[in-house]
Amino acid sequence: MEVMNKRPSSFSDGKIRMIQGAILALALTIFLGNLMMWIIMPTFTYYQKWVPVLVAATNSTFFDIQGPIMMNFTFPILFIAVLGCLYVHLEKKKSDIVTSSYRNKDWLKILKKPKIIKPLGIVTWIELFFLAMFIILCVWYFSAFVYFHYSTITTYAATKGVVVWQARIDRLALVIGLTGNICLTFLFYPVSRGSSILPLLGLTSEGSIKYHIWLGHMAMTLFTIHGLLFILFWAVSGRLHEMLTWDPHYISNVPGELGLLVGLILWATTFPAIRRRMFELFFYTHYLYILFMVFYLLHTGMFYACIMLPGFFLFLIDRYLRFLQSRQKVRLISARVLTCETVELNFSKISGLEYSPMSIMFLNVPSISKLQWHPFTVTSNSNLESDTISVVIKCEGSWTKKLYSVMSLPSSVDRLDVSVEGPYGPASTHFLRHDTLVLISGGSGITPFISIIRELIYMSSTLKCKTPKILLVSVFRNTSKLSMLDLLLPIAGTPSGCSSNLDLQIEAYITREIEPAQEKSEPLRTILFKPDHSDAPITPILGQNNWLWFAAIISSSFALYLLFVGLLYQYYVYPMDHGTNKVFPYHTRALFNMLFIAAAIVIAASAAFLWNKKKSARETKQIQDMADSAKSLNSLAYADQDLESLPQQSLDKSIKTHYGHRPDLKRILLEVKGSSVGVLASGPKTLRHDVAAICSSGLVENLHFESISFTW
């Protein structure tokens, strides 16, 4: 198969892979070195030998004792994040088409097979390996610190004025809190939607939410035990008054108690019984993480917080960039309304915005809720539809039902205020490595596969490349849901004859009807909007070289933060601590650090955002002017008629409909031919688990389950 690049590149794919390999090796080396610091930290060797050396080497009036801690635990991870930006930037420059000889070169395919299906969900061997390593790290951290503190428990008890067994409770509470810090260290990486570290591991944010959930439960369990043990210690030692102390020179109890209370409220709403029934309550209480982190830093000070600072620092950068993007109202140009309570929204975008199949985009509609943001799969293709980007929304909650009710009114709305964040998605796609693709969906789970099919349409018709055979198995409740298949083809831009070039077979299963419905299904209804001139097309938040800009933001914001902290210590903290009888309070230092982190991120990210916004302003204005002209409106009006020009009849011939039963997934998968069969499942949890179980059963060797989550 001939290799063709979708975009020109100054490097060959081979050279890019070599550079990426070097980046991965360097990132792994730095991480292993940082991991050794975590392993050594709860030992006598670290405190008696390493700390004096590190302090002597890095301590100065400019950074004080915070310097060595910051360089040990914060700088290495942020440097890995910068390397990750370079890695993803190169990944996007690689050819999107792989040769047949490269298809089967997936060295980790055995480790990617699902191992655990329940109760943790779909967990692969490699995920299980990292989970085991993390648990071992936590156990080591706990046991080493217990040994460290209990070895001098008699001296500590005498200093504290308590008996030994009471001192053991005190030290055990401290150690459990320190172990909780390890969970908090990794908590924010999975929810950084524009993360540059997750792609180094082949992960995406939407596919890593389960790690955030696991870490959150572990952290709050440990922090709760930590707080209860301290209350027990104060009670048995007659020191309950210490619950109300706010020590300016050490750990402050009051902010720790307030932080734990806030965390418990947040934690209580995350359990499925509450989250599913009262999603709004879960959504709004999750904003309490801001208060939790403020109280956490006031409680521990920066000394103990440095180990978790890099993950939170990267999350704040990502969150602020999302905030900047969400301030702009985007240009919603049309919508397609289906009778099965589904609507497709089509937005204007600039041609430089490129994204991969299976990307997601977050939407906010202020007329429905000013605070709620909901993720939806991007169904358009950035090559077939260079000027528009589309998402499909199925009614499955109160927010989506309100949106559909607005769209389905007989008197259509002329305009709708919408803000977006994203799109976010994998840096590259791996489904092209297979000879055959089996896409199994349930209900609205078909939406991620629409983008895959459109990508393959583009490759087979425009690039004239051989593409994998596709078997789409879709399960619907009733016949009306079959209209979801009408969205497989875009409104316009589909080359003629695309269906003949694409080997596509669709097996549709209607589970609650035993025969076709007698009434004739209604056609798609298209709504044309009249956007305001101020509504802008969706643009890349940091331009086409967004990952290079992201690396610059990480580097410059951290440098600014160090500068601000250094000036504070040089001209205020150090003179006070060493020249007077006063000591600069720990909680005040934490407040200044929080302020400096926020200021550094705002300055660096705002400068990059405004620079790129200015560069894209000309193209944005051109799109706005064209859209406001009568000619543009006429072309949009023609979009509804253009459906007849699509190869819809050819697509209909590919659909085989079954009534009254569910698909026999085991039989279907075992009968699929091909040396390498990629299997992707999207939809209800039970369906995804059943597919993963079949692929991991070992009955055949050619099935490769793609562990990609399509549910946030």
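What counts and how
Residues numbered from 1 in each chain as written. Predicted model: local features only at pLDDT ≥ 70, side-chain atom pairs only at ≥ 80, totals over all residues. Heavy atoms only, no water. UniProt positions renumbered as here; feature names shortened; annotations may be inferred. Helix = DSSP H or I, 4+ residues; strand = E, 2+ residues; numbered from the N terminus. Buried < 20%, exposed > 50% of the residue type's maximum accessible area, 1.4 Å probe, protein only. Contact = heavy atoms within 4.5 Å. Areas by Shrake-Rupley, 256 points an atom, 1.4 Å probe, with all protein chains shown as cover. 1 Å grid on protein atoms, 1.4 Å probe; cavity = no way out; pocket = protein on both sides within 12 Å on 5 of 7 lines; lining within 4 Å. Points joined across faces, edges and corners; volume = space filled by probe spheres on them. Nonpolar A, V, L, I, M, F, W, Y, C, P; charged D, E, K, R; others polar. Pairing = 2+ DSSP bridges. Axes fitted to C-alpha atoms, helices over the stretch in contact; angles between N-to-C directions. Salt bridge = Lys/Arg side-chain N within 4 Å of Asp/Glu carboxyl O. Parallel < 35°, antiparallel > 145°, perpendicular 65-115°, else oblique. Left-handed = near helix turned anticlockwise from the far one by under 90°. Arc of directions from axis to C-beta.

- By the naming in an unreviewed UniProt entry, the protein chain is ferric-chelate reductase (NADH), taken from Solanum stoloniferum.
- According to UniProt, the comment filed for the protein chain under the heading Subcellular location (unreviewed entry) is "Membrane".
- Entered under Sequence similarities (unreviewed entry) in the UniProt record, the comment concerning the protein chain runs "Belongs to the ferric reductase (FRE) family."

## So, the overall build of the protein chain
(1) Moving on: Looking only at helices and strands, the protein chain has 23 helices and 15 strands in total.
(2) Moving on: Expressed as a percentage of its 712 residues, the buried residues of the protein chain come to 54%.
(3) Moving on: The contacts of the protein chain with a sequence gap of at least 6 include a subset with a gap of at least 24, amounting to 80%.
(4) Moving on: By element, 63% of the accessible surface of the protein chain is carried by carbon and sulfur atoms, the whole surface being about 32600 Å².

## Things to note about the layout of surface pockets
The method is simple in principle: a probe with the dimensions of a water molecule rolls over the atoms, and the space it marks as empty is what remains.
(1) Moving on: Size it by volume and the second largest pocket reaches roughly 880 Å³.
(2) Moving on: Lining the second largest pocket are 37 residues, and of these His226, Phe230, Ile251, Asn253 and His299 sit closest to its centre.
(3) Moving on: Breaking the lining of the second largest pocket down by element, the ones donating at least two residues are helix H7 (153-160), helix H8 (164-187), helix H9 (209-236), helix H10 (253-268) and helix H13 (289-305).
(4) Moving on: By residue number, the principal contributor to the lining of the second largest pocket is H9, which donates 9 residues.
(5) Moving on: Residue composition of the lining of the second largest pocket, by class: 20 nonpolar, 11 polar and 6 charged.

## Let's talk about empty space enclosed by the protein
(1) Moving on: A full pass over the atoms with the stated rule returns 2 cavities of 30 Å³ or more.
(2) Moving on: Of the pockets and cavities examined, the largest cavity occupies roughly 60 Å³.
(3) Moving on: For the largest cavity, the full set of lining residues is Ala81, Phe188, Tyr189, Ser192, Gly194, Ser195, Ser196, Ile197, Leu314, Asp318 and Phe550.
(4) Moving on: Tallied by class, the residues present in the lining of the largest cavity amount to 6 nonpolar, 4 polar and 1 charged.

## Comments concerning the sheet that holds strand E6 (residues 374-377)
Pairing between the strands of a sheet is mediated by backbone hydrogen bonds and can be parallel or antiparallel.
(1) Moving on: If you trace the 3 strands from one edge of the open sheet to the other, you get E6-E5-E8, paired in antiparallel fashion. One side of each edge strand has no neighbouring strand; the edge strands of this open sheet are E6 and strand E8 (419-424). When strand polarity is set aside, the average angle formed by the axes of neighbouring strands in this sheet is 25°.
(2) Moving on: Bridging between strand E5 (residues 360-364) and E8 involves 4 bridges; their strand directions are antiparallel.

## Some words on the pattern of salt bridges
(1) Moving on: Going through the model one piece at a time under the given rule, you end up with 12 salt bridges.
(2) Moving on: The residue Arg193 makes a salt bridge to Glu421 at a minimum N-O spacing of 2.7 Å. Of this pair, Arg193 sits in the loop between H8 and H9 while Glu421 is found in strand E8, placing the two residues 228 residues apart along the sequence.
(3) Moving on: Residue classification places Arg193 among the buried residues on the basis of a relative accessible area of 16%.
(4) Moving on: Salt-bridge contacts for Arg454 lead to Glu344; the nearest nitrogen and oxygen are separated by 3.6 Å.

## Digging into the sheet that holds strand E13 (residues 655-659)
(1) Moving on: In space, the 6 strands of this open sheet follow the order E13-E11-E10-E9-E14-E15, with parallel pairing throughout. The two strands at the open ends of the sheet, each matched to only one other strand, are E13 and strand E15 (703-705). Adjacent strand axes in the sheet meet at a mean angle of 20° when their direction is disregarded.
(2) Moving on: Here strand E10 (residues 469-476) runs beside strand E11 (residues 504-510); their pairing, made up of 7 bridges, is parallel. In the sheet register, Val473 faces E11, and the bridge partner there is Glu507.
(3) Moving on: Sheet strands touched by helix H23 (residues 685-695): strand E9 (436-442), strand E14 (677-682) and E15. Its angle to E14, the strand with the most contacts, is close to 160°.

## Considerations on the packing of helix H4 (residues 75-93) against helix H14 (residues 309-326)
(1) Moving on: Across the interface, H4 lies against H14 with an axial gap of 8 Å and an inter-helix angle of 40°. If you check the angle between H4 and H14, you find them oblique. At the point where H4 passes H14, the crossing takes the right-handed sense. Listed contacts from H14 to Ile77, Leu78 and Ala81 of H4 are Pro310, Phe313 and Leu314.

## As for helix H15 (residues 398-407)
(1) Moving on: Buried within H15 are the following residues: Trp399, Thr400, Leu403, Tyr404 and Met407. Down the axis of H15, the buried side of the element spans an arc of 130°, and every buried residue falls inside it.
(2) Moving on: The secondary structure elements touched by the buried residues of H15 are strand E3 (332-338), strand E4 (342-348), E5, E6, strand E7 (388-394) and strand E12 (525-528).

## With respect to the environment of Val418
(1) Moving on: With respect to the helices and strands, Val418 occurs in the loop between H15 and E8.
(2) Moving on: Relative accessible area serves as the criterion here: at 0%, Val418 is assigned to the buried category.
(3) Moving on: On a C-alpha basis, the gap between Val418 and Arg331 in space is 7.9 Å, while along the polypeptide they are 87 residues apart.
(4) Moving on: Setting aside its immediate chain neighbours within four residues, Val418 contacts Gln328, Lys329, Val330, Leu332, Phe347, Leu363, Asn364 and Val365.

## Considerations on unusual backbone geometry
It is generally the case that most residues other than glycine have a negative phi and that most peptide bonds are trans.
(1) Moving on: The omega angle of the peptide bond from Gly422 to Pro423 is 5°, so this bond is cis rather than trans.
(2) Moving on: The phi dihedral of Glu341 falls on the positive side, at around 55°, and the residue is not glycine.
(3) Moving on: Tracing the backbone through its elements, the reader meets Glu341 in the loop between E3 and E4.
(4) Moving on: Judged by relative accessible area, which is 37%, Glu341 ranks as partly exposed.

## Describing the packing of H13 against H14
Relative orientation and spacing of two packed helices are given, respectively, by the angle between their axes and the distance between those axes.
(1) Moving on: Look at H13 against H14: their axes get within 12 Å of each other, and the N-to-C directions meet at 140°. Here H13 lies oblique to H14, going by the angle between them. Pair H13 / H14 crosses with left-handed handedness. Residues Tyr289, Met293, Met302 and Ala305 of H13 form the contact with H14, whose own contacting residues are Leu309, Phe312, Phe315 and Arg319.
(2) Moving on: When the residues that make up the contact of H13 with H14 are grouped by side-chain class, the tally is 7 nonpolar, no polar and 1 charged.

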